[in-house]
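What follows is the residue order along each chain.
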Amino acid sequence: MPAERRIKIASDVDIVAARQSGREVAAILSFSSSDLTVIAAAISELARNIYAYAGTGEIVVSLEERNGRRGVRVVARDDGPGVADIALALEDGYSTSGSLGLGLPGVRRLMDEFEIQSEPGKGTVVTLWKWAR
Amino acid sequence: MTSREKRTSGERTTDVLSELVAHLRHNRTILREEWVRRITESRLLTTMTKEEIFAEATSVFDNYVEVLETGSVEALQAYARNLSERIIPRGVDTPEVLGIVLLLRDVLARSLFEKYQGDFALLNRVLDAYEPAANRIATTVAVGFVQERERVIRQQQEAIRELSTPVLQVRERLLILPIIGVVDSERARQLTEQLLRGVRSNRAKVVVMDITGVPSVDATVANHLVQTVEASRLLGATVIVTGLSPEIAQTLVTIGVDLTKMNTVGDLQGGIEEAELLLGYKVMRLTESAASEASN
Amino acid sequence: MLVPILKQGDYLIASIQSSLADADLIRLRDQLVEQVGRYRSRGVIVDVTVLDVMDSFAVRTLSTLAQMIMLRGAETVIVGVQPDVAFAMVQLGLTLDNVKTALDLEEGLLYLNSRAKRGRSGAG
C-alpha cells in the first residue's frame, strides 16, 4: 500500500498539520469515525512531545498490512534529549515539565500497539499501530 | 566453476517454467473444463451455479498461470480476497476452497505428466519447477480465504455487541443503558461510543447506567466505566450508576478505583427517580395528585 | 485563525470556527480574560463543536481559561464537545474536571441563565 505522509515538526502549526495528515491517511481504510479521532489525537500528542522536548523532528504516517489485517502505522522521530527512564515515562501521571505532560500512557491506551526506543542524548522514536476493524 | 553451474541450472529452471506456462496457456480450454468437471464430480461449490463456477474457475486458472510465470503472488492475493468476499456470504467453507485449489494443482500436474512422460529427466525438472510454485499458490488462496473469514467474524462480533447493549430513551432527555453480561475492554469501548452518540442525538441530560446484570468487574472494566462517565460529562450529561452488587462494590473498594466521580444509586428504580428529580420531573399517582389539588 | 467573540447580554460567546494552532488558542484565552472584565460579563461560553481533536494542550488551555475567568468573577461553559472527541479525551486522561460542560450553545445559555436566576433569588 503506497499511502505515506511525512510531516516535519518545527512549530505549533505543524502539530495541526500532522494530525490532519494522519486522519487523511487512516481514512483510506475502513476506520470508524471514533478511531480516526483517536488516531489524530495520538498523533497530536506525539507531535506535541517532539515540539516541546526536542524542538524539531518528524511524524511519518503510513498504511501497513500484517496477518491479513490492515492498519496505520505512526512513527514519531526526533534527535532531542531522549527519555532516560522509559518505564517511568509510561506510568500514568508522569510528566517531566509540569505544564507539558509526556502523555505517553494515554497515547498507548489510544492505540493497539506501542513501541518506544530512546536513549539520553540520542533522541526518541515512538511507533504506534492501530488496526482497522 | 560451481557458481557457474548454479547459474546454468537456474537458467534451466526459468526455461522449464516458461515452457510449462506456454503449455498451460495453450491447453487453457481443455484444462479449465477438466478442472470444472472434477469440481462438480467432487460435489464442491454446490451453492454456486455451473456458469458461476466456470467464470471463477477461469479467473483462478489465469491467476494461477500468472503466478507460475511471474513468481509474484500479489495479484493472486488480491483476487483471493475478492473471491472470498463474494463466496463467504454464500456459505462456501474452508475445506471447499482448499479442495478446489488442490484439484487444480492435480489437474495441471497430470497434464504435465502426460506431456513429458516420454522424457523422465525432463519431467522431473518440470515437476521440480511446478510443485513449489503450486504449493505456494494453494497456501496463498487458503490463507487469503481464512483471513477474510476472520474479518467477517470480527465484523459480526461487533454487530452482536452493538445489539447486546441498547441505549433506551425513557423520557425526554433521559436515557437508560442496561448492561447485561461480561464486559471486556472491547465491549466497554463500544458501549461508550454508543452511549455518547445516544446522548448527542437524544440531547440527553441524564443517563442511568444499570449494571445489575454484570457478573464481575475488574480494575480494567471499572476504569472503563469511569471513562464512560467522564466522557458523558464532557457532552454535558450526568451518569447515574445503579445495580452495583455487594461483590462488585467490594471489588471496587479493594482495588482502589477512584469512584468520586461516580454518582451511584442502589437500584434501577431509585436511579430513574433520582434522574427525574435532576430533570425537574415529579411523578405521582393520579389519585394522589387529585387529592393534593383538592387540598390546595 | 481568529476566533470571533460575541457579546450577548451578560455573556461572552466564543465560537471556534476551525482547527486552532496553540498560539491561536492562547490568544483566545487572553482576549476572553480581558473582555470579561471590560464588559463586566457574568458568563463565558466557548463553543468547540468544530474541533475534531482536543489534545492535552487544548484541554489544559481551556482549563486555565476557566480558572482565570473564575478569578475575574464569571463562569465558563465549554459546549459542543463531539462524542468521538470526548471518547479520545478520556482515554488520554483529559477530563476537563473543573469546568462546566454542556451539549451545545443552547444548553450552555440555559445553564448560565438558570445560575443567574438562582443567584438573584438567593440574594433577594
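Quantities reported herein were computed from a predicted structural model and do not represent experimental measurements.

**Some thoughts on the pattern of salt bridges**
Part 1: Under the criterion given, the structure shown has 37 salt bridges over all chains.
Part 2: Measuring nitrogen to oxygen at the nearest pair gives 3.0 Å for the salt bridge that ties Glu 75 of chain C to Arg 115 of chain C. Here Glu 75 of chain C, found in strand β4 (residues 75-79), pairs with Arg 115 of chain C, found in helix α4 (residues 105-123); they are 40 residues apart in sequence, far enough to count as distant.
Part 3: Looking at Glu 75 of chain C, the relative accessible area reads 22%, which means it is partly exposed.
Part 4: One network of salt bridges, in which partners are shared, links Arg 173, Arg 203 and Lys 205 of chain B together with Asp 104, Glu 106 and Glu 107 of chain C.

**Structural notes on the domain arrangement of chain B**
Part 1: Once the domains are mapped, chain B shows domain 1 (2-161) and domain 2 (168-284).
Part 2: Using only C-alpha atoms to locate each centre, domain 1 of chain B and domain 2 of chain B end up separated by 54 Å.

**Notes on the interface of chain A and chain C**
Part 1: At the junction of the two partners, chain A supplies 23 residues and chain C supplies 19 residues.
Part 2: Of the roughly 1700 Å² buried between chain A and chain C on both sides combined, carbon and sulfur atoms contribute 50%.
Part 3: Taken together, the connections running from chain A to chain C amount to four salt bridges.
Part 4: In this structure, Arg 19 of chain A and Asp 55 of chain C form a salt bridge, with 3.8 Å as the shortest nitrogen-oxygen distance.
Part 5: The tally of links between chain A and chain C comes to eleven residue pairs in polar contact (both at pLDDT 80 or more).
Part 6: Within the residue set of the side of chain A that touches chain C, elements represented by two or more residues are α1 (12-26), α2 (33-54) and α4 (104-110) of chain A.
Part 7: A class-by-class count of the residues in the side of chain A that touches chain C yields nine nonpolar, eight polar and six charged.

**Here we look at the interface of chain B and chain A**
Part 1: Across the contact, nine residues belong to chain B and nine residues belong to chain A.
Part 2: Between chain B and chain A, roughly 830 Å² of surface is buried when both sides are summed, and carbon and sulfur atoms account for 33% of that area.
Part 3: A per-residue breakdown of the area chain B buries against chain A is headed by Arg 81, Gln 147 and Arg 154 of chain B, which together make up 49% of the total.
Part 4: For the pair chain B and chain A, the interface holds one salt bridge.
Part 5: Taking the shortest distance from any N to any O, the salt bridge between Arg 81 of chain B and Glu 65 of chain A comes out at 2.7 Å.
Part 6: Run the count over chain B and chain A and you get three residue pairs in polar contact (both at pLDDT 80 or more).
Part 7: Among the elements that take part in the side of chain B that touches chain A, helix α7 (residues 185-202) of chain B stands out by supplying four residues, more than any other.
Part 8: By residue class, the composition of the side of chain B that touches chain A is no nonpolar, two polar and seven charged.

**Some words on the sheet that holds strand β4 (residues 238-242) of chain B**
All names here are of chain B.
Part 1: Strand order in the open sheet formed by five strands is β1-β2-β3-β4-β5, with mixed pairing between adjacent strands. Each edge of the open sheet carries a strand with a single partner, namely β1 (168-171) and β5 (263-265). Adjacent strand axes in the sheet meet at a mean angle of 30° when their direction is disregarded.
Part 2: In terms of strand pairing, strand β3 (residues 206-213) meets β4 through five bridges, oriented parallel.

**A closer look at the packing of α2 of chain A against helix α3 (residues 83-91) of chain C**
Part 1: Between α2 of chain A and α3 of chain C, the least distance of the axes is 9 Å, while the angle of their chain directions is 45°. With respect to α3 of chain C, the axis of α2 of chain A lies oblique. Seen from above, α2 of chain A lies across α3 of chain C with right-handed handedness. On the side of α2 of chain A, the interface is formed by Ser 33, Ser 34, Thr 37, Val 38 and Ala 41 of chain A, while α3 of chain C contributes Asp 84, Val 85, Phe 87, Ala 88 and Gln 91 of chain C.
Part 2: Across the contact of α2 of chain A with α3 of chain C, the residue classes break down as five nonpolar, four polar and one charged.

**A few points about the pairing of β3 of chain B**
All names here are of chain B.
Part 1: Taken across its eight residues, β3 has six buried, putting it largely inside the fold.
Part 2: Where strand β2 (residues 174-180) meets β3, six bridges bridge the pair, whose relative direction is parallel. Residue pairing in the sheet places Pro 178 in a bridge with Asp 210 of β3.
Part 3: In this fold, β2 hands off to α7, which returns the chain to β3; that crossover is right-handed.
Part 4: Handedness of the β3-helix α8 (residues 219-234)-β4 crossover: right-handed.

Cut-off values and rules
- Residues numbered from 1 in each chain as written.
- Chains lettered and ligands numbered in written order.
- Predicted model: local features only at pLDDT ≥ 70, side-chain atom pairs only at ≥ 80, totals over all residues.
- Heavy atoms only, no water.
- Salt bridge = Lys/Arg side-chain N within 4 Å of Asp/Glu carboxyl O.
- Helix = DSSP H or I, 4+ residues; strand = E, 2+ residues; numbered from the N terminus.
- Buried < 20%, exposed > 50% of the residue type's maximum accessible area, 1.4 Å probe, protein only.
- Domains from an automatic or database assignment.
- Contact = heavy atoms within 4.5 Å.
- Buried area = accessible area lost by both parts, 1.4 Å probe.
- Polar contact = N/O pair within 3.5 Å; in protein donor to acceptor, adjacent residues only side chain to side chain.
- Nonpolar A, V, L, I, M, F, W, Y, C, P; charged D, E, K, R; others polar.
- Pairing = 2+ DSSP bridges.
- Axes fitted to C-alpha atoms, helices over the stretch in contact; angles between N-to-C directions.
- Parallel < 35°, antiparallel > 145°, perpendicular 65-115°, else oblique.
- Left-handed = near helix turned anticlockwise from the far one by under 90°.
- Right-handed = clockwise from strand over helix to strand, strands pointing away.

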